[in-house]
2 protein chains.
Amino acid sequence: MAVTRKIPTIQDVARHAQVSAATVSRVLSSPERVSETTRKRVEEAVRATGYTINQAARSLRMRSARTLLLAAPDVGNPFYSTIVEAVIGTAGQHGYGVLVASRLGDDPNRWLSDYLNSNRADGLLLFDGSLDTSRLHDLGGAEGLPLVAAYDEPPDPAVHSVLIDNREAARRVVQFLHGLGHRQIGHVSGLSRNQSTNERLLGFETEMRALGLKIVPEWVVPGIYNMESGLGAVRKMVASGHMPTAIFAANDEMAIGVIRGLREAGLSCPGDVSVVGFDDIAVASYYDPAITTMHQPREAIGRIATEALIEIIEGDVSEERPRHVMLKSELVVRDSTRRLG
Amino acid sequence: MAVTRKIPTIQDVARHAQVSAATVSRVLSSPERVSETTRKRVEEAVRATGYTINQAARSLRMRSARTLLLAAPDVGNPFYSTIVEAVIGTAGQHGYGVLVASRLGDDPNRWLSDYLNSNRADGLLLFDGSLDTSRLHDLGGAEGLPLVAAYDEPPDPAVHSVLIDNREAARRVVQFLHGLGHRQIGHVSGLSRNQSTNERLLGFETEMRALGLKIVPEWVVPGIYNMESGLGAVRKMVASGHMPTAIFAANDEMAIGVIRGLREAGLSCPGDVSVVGFDDIAVASYYDPAITTMHQPREAIGRIATEALIEIIEGDVSEERPRHVMLKSELVVRDSTRRLG
DNA sequence: GAAACTCACGCAATCGATTGCATTGAACTC
DNA sequence: GAGTTCAATGCAATCGATTGCGTGAGTTTC
């Protein structure tokens, strides 16, 4: 049996400072309402007793936990982890803690709903567009539970969101490759349950058509956003007997897999095939070749989404008109692409 | 002003089922103490009202939050993110949520202590050996706050820990390189505030001496565990005028930086210099060349540490005899190393 | 048939912080 | 100097779930 420490309560502080608990509470939350003499005495008592507030009691009374719930499909992914970092930092600055739920890790049965409605978290940051609308409603999205979707587009436009323009970004990738003289362009897309995947695919197709380029079915292969699937996608293309001169992968990890697959097939990147990734994860600039990619403002996505959520929680934003922030992504040209001919 | 939803309480359920709140509580926590008829009626009422427990109230009364605090120096790092994933998964299986604090992100002033002693978390998983002993004591490590240190060694041996044998692993790396015929071996170490860094450095030095190899000061360069610092370390070696035939980097990211730095200097890996990393992050096997590295059981570290912490919290483990789990790491030989001559 | 016992459930206190309202005493007004 | 105002503080209810203790009905025992 563990020895239970005696944790000082607000009553202990009150006794020590010879005031009531109410006064101690006021010193802590609205010091201007307490006389200077008393305030100093209480502050001293807080120090002397080593008092820290009991959040459980505060949450119960205040009906707020000062905690955000972050839900991402896969926290282990380097893309998300940067975002998580930004969320934790921003939340911390505002005095909020961050509970992290990862779909992969969590028991799907208790998934999100248990966390909410239970005063464990005041709002939800959803980095997973694959949750369907009815699910969002269950979670209270439409019933007033503060909710901000980020990075991946939610099916429900009534939800606040912080996104990048995936379709536009994908079009710019195709334009860039076209500008380098490429006419035979393939695409390794991601998980189709993610809206952002579909947007990137759509952007690819739209721009290919706009430029009068032929979309070759063998060159449009789905992946699952990891390196293995990028490798697998290239193997399929190789097996089909003919190769494009450029491949646009829907994220950097698949781009890495693609480059490795090319090498495996005796093809060089960018010599034989140019490759463009998406996200600009840390290793992209250090890979060999350094990968040309669509840089995403991951830190900004995490920060802005968190700030928006906190504003909503604290009542600064009307729920009526959903806020939609669209951030810009930027093409970073490195060594995995080259001018044709 | 946001519309506040009416969240059903245990009283609402009680009214609906025409029993007392106490009975509802019992149905939820020890159903065997309630008669079958009543139990069914209450269960139906729970469903009908959509009741979910108010964790704040429960925590207050029970003095437990069913939440773990995970503290890592840098959640954005791909090494840690896998561990985080495992922790969340394991905790979830046991009904615990995970609050994540990242040193980089968090306001250093509120850092850890505020989270604890405040009934926000029942225990601490510390993935950061750089916190000094006095700090640990402040956090209650010795006063009964459930605490498990993992991955990085805590200065205080009275703390439960789940570690790998960094020194031994580093020695095995040197032995391996020696076995390939390398005699001139360099080391890029990590942040010296981390105990694991020092252990790896010590293991390197010990084995070098044991094998009668000369430790060249210009070839032992500190880094900060990122790719940039690996690159910087190689630049320093190059600037010194002579190069080792093999470099052991204290993590994979620095190994990547090292390889890139070699290329920049017109040297090839493994042709001119063999490189060994540490950790075996996902990209290690997909890098060009695929990196020889010390594989660490990251998932196991996260899982075992979490299980241990929960056992301690729930009183299954005596605090008296600290538990020290030492996991094995394994050398994975890939293409960044070659036999000399 | 009464004592002893068991089972199912309700009552009410409790966890610790917050806050509307009441109280006190001092300062100020005419 | 009596009345008014105001600042500072205390009192006590409240948030929602848990649990020790008590009660009443039903069952068993001799």
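Look above for the structure.
Residues numbered from 1 in each chain as written. Chains lettered and ligands numbered in written order. Predicted model: local features only at pLDDT ≥ 70, side-chain atom pairs only at ≥ 80, totals over all residues. Heavy atoms only, no water.

**Student:** Can you tell me about the overall build of chain A, naming the residues and giving the values?
**Tutor:** Scanning chain A from terminus to terminus reveals 11 helices and 12 strands. The proportion of buried residues among the 341 residues of chain A is 55%. If you sum the accessible surface of chain A, you get close to 14,000 Å²; carbon and sulfur atoms cover 50% of it. (Helix = DSSP H or I, 4+ residues; strand = E, 2+ residues; numbered from the N terminus. Buried < 20%, exposed > 50% of the residue type's maximum accessible area, 1.4 Å probe, protein only. Areas by Shrake-Rupley, 256 points an atom, 1.4 Å probe, with all protein chains shown as cover.)

**Student:** How would you sum up the protein's contact with DNA strand C? Please name residues and give values.
**Tutor:** Around DNA strand C sit 24 residues, and of these A:Ile10, A:Arg61, B:Thr23, B:Thr38 and B:Arg63 come closest. Among the atoms of DNA strand C lying within 4 Å of the protein, the sugar-phosphate backbone contributes 67%. Between a phosphate oxygen of DNA strand C and a side-chain N or O atom of B:Thr23, the distance comes to 2.2 Å. Secondary structure elements with two or more residues in the surface near DNA strand C: α1 (10-17), α2 (21-29) and α4 (55-62) of chain A together with α2 (21-29) and α4 (55-62) of chain B. (Near = heavy atom within 4 Å. Polar contact = N/O pair within 3.5 Å; in protein donor to acceptor, adjacent residues only side chain to side chain.)

**Student:** Quick one: what's the story with the nonpolar core, residue by residue and with numbers?
**Tutor:** If you look at the biggest cluster of nonpolar residues, it comprises 91 residues, and the most contacted ones within it are A:Phe127 and B:Phe127. The greatest single-element share of this core, amounting to eight residues, is contributed by helix α11 (residues 298-313) of chain B. The contact partners of A:Phe127, leaving out residues within four places of it in the chain, are A:Leu70, A:Ala71, A:Ala72, A:Pro73, A:Tyr80, A:Ile83, A:Val87, A:Ala150, A:Tyr151 and A:Ile301. By size, the runner-up hydrophobic cluster in this structure holds 56 residues, among which are A:Val188, B:Val234, B:Ile256 and B:Val273. (Core = buried A, V, L, I, M, F, W, Y, C linked by side-chain atoms within 4.5 Å. Contact = heavy atoms within 4.5 Å.)

**Student:** Account for unusual backbone geometry, naming residues and giving values.
**Tutor:** Residue B:Cys269 is joined to B:Pro270 through a cis peptide bond whose omega torsion reads 10°. Relative to the helices and strands, B:Pro270 is located in the loop between α10 (252-264) and β9 (274-279). B:Asp288 connects to B:Pro289 through a cis peptide bond whose omega is 0°. Tracing the sequence through the fold places B:Pro289 in the loop between β9 and β10 (292-295). For A:Arg66, which is not a glycine, the phi torsion comes out positive at approximately 50°. Structurally, A:Arg66 can be placed in the loop between α4 and β1 (67-72). Of note in the backbone geometry, B:Gln18 takes a positive phi value of approximately 55° without being a glycine. Residue placement: B:Gln18 occurs in the loop between α1 (10-17) and α2.

**Student:** Requested: an account of the environment of A:Tyr80, with residues and values cited.
**Tutor:** Residues and elements named next belong to chain A. Mapped onto the fold, Tyr80 is located in helix α5 (residues 78-93). Exposure remark for Tyr80: the relative accessible area of 7% places this residue in the buried category. C-alpha separation for the pair Tyr80 and Tyr151, spaced 71 residues apart in sequence, amounts to 9.5 Å. Apart from residues no more than four positions distant in its own chain, Tyr80 is found in contact with Ala72, Pro73, Asp74, Val75, Phe127 and Tyr151.

**Student:** Which residues make up the sheet that holds strand β7 (residues 220-222) of chain A, and what are the values?
**Tutor:** Residue and element names in this part refer to chain A. Strand order in this open sheet of six strands is β7-β6-β8-β9-β10-β12, and the pairing throughout is mixed. The sheet is open, and its two borders are formed by β7 and β12 (330-332), each paired with just one other strand. Adjacent strand axes in the sheet meet at a mean angle of 20°, parallel and antiparallel pairs treated alike. Where strand β6 (residues 185-189) lies against β7, three bridges are found, and the strand directions are parallel. Along β7, the bridge assignment pairs Ser189 with Pro222. Across the face of the sheet, helix α9 (residues 227-239) comes into contact with β6, β7 and β8 (246-249) while running at roughly 145° to β7. (Pairing = 2+ DSSP bridges. Axes fitted to C-alpha atoms, helices over the stretch in contact; angles between N-to-C directions.)

**Student:** Could you give me a rundown of the packing of aromatic side chains, with the residues and numbers involved?
**Tutor:** All names here are of chain A. In the structure shown here, the tally under the stated rule is nine aromatic pairs over all chains. Relative to Tyr151, the ring of Tyr80 lies with its centre 5.8 Å away and its plane at 90°, an arrangement referred to as edge-to-face. Taken together, the positions of Tyr80 in helix α5 and Tyr151 in the loop between β4 (147-150) and β5 (160-164) put the pair 71 residues apart, joining distant regions of the chain. Each of the two residues, Tyr80 as well as Tyr151, counts as buried. Here a set of aromatic residues connected by ring pairs shows up, and it is made of Phe79, Tyr80 and Tyr151. The ring of Phe278 is capped by Arg200, whose NZ or CZ atom sits 3.9 Å from the centre of that ring. (Phe/Tyr/Trp six-rings, centres within 6.5 Å; stacked < 30°, edge-to-face > 60°. Lys NZ or Arg CZ within 6 Å of the ring centre and 35° of its normal.)

**Student:** Just give me the short version of the pattern of salt bridges, but keep the residues and values in it.
**Tutor:** All names here are of chain B. Counting across every chain of the model gives 22 salt bridges over all chains. In this structure, the salt-bridge partner of Arg47 is Glu44, at a minimum N-O distance of 3.0 Å. Linking Arg47 with Glu44, this pair stays in helix α3 (residues 36-49), spanning three residues, or about one helical turn. What makes Glu44 partly exposed here is its relative accessible area of 40%. (Salt bridge = Lys/Arg side-chain N within 4 Å of Asp/Glu carboxyl O.)

**Student:** Give me the lowdown on the pairing of β9(B), citing residues and values where you can.
**Tutor:** The side chains of a regular strand alternate between both faces of the sheet. Residues and elements named next belong to chain B. The element β9 is largely enclosed, with a buried count of six among its six residues. Pairing of strand β8 (residues 246-249) with β9 involves three bridges; the strand directions are parallel. The residue of β9 that forms the bridge with Ala246 is Ser274. A crossover links β8 with its parallel partner β9, the connecting element being α10, and its sense is right-handed. Judged from the four bridges that link them, β9 and β10 form a sheet pairing that is parallel. Among the inter-strand pairings, Asp279 is bridged to a residue of β10, identified as His295. (Right-handed = clockwise from strand over helix to strand, strands pointing away.)

**Student:** Tell me about the pairing of β4(A), residues and numbers included.
**Tutor:** Residue and element names in this part refer to chain A. Alternating residues of β4 divide into Leu147 and Ala149 and Val148 and Ala150, and every residue in both groups is buried. Of the strand pairs in this sheet, strand β3 (residues 123-126) and β4 are connected by three bridges, and their pairing is parallel. Note on β4: the bridge partner recorded for Leu126 is Ala149. Where β4 meets β5, three bridges bridge the pair, whose relative direction is parallel. Directly across from Ala149, in β5, lies its bridge partner Ser161.

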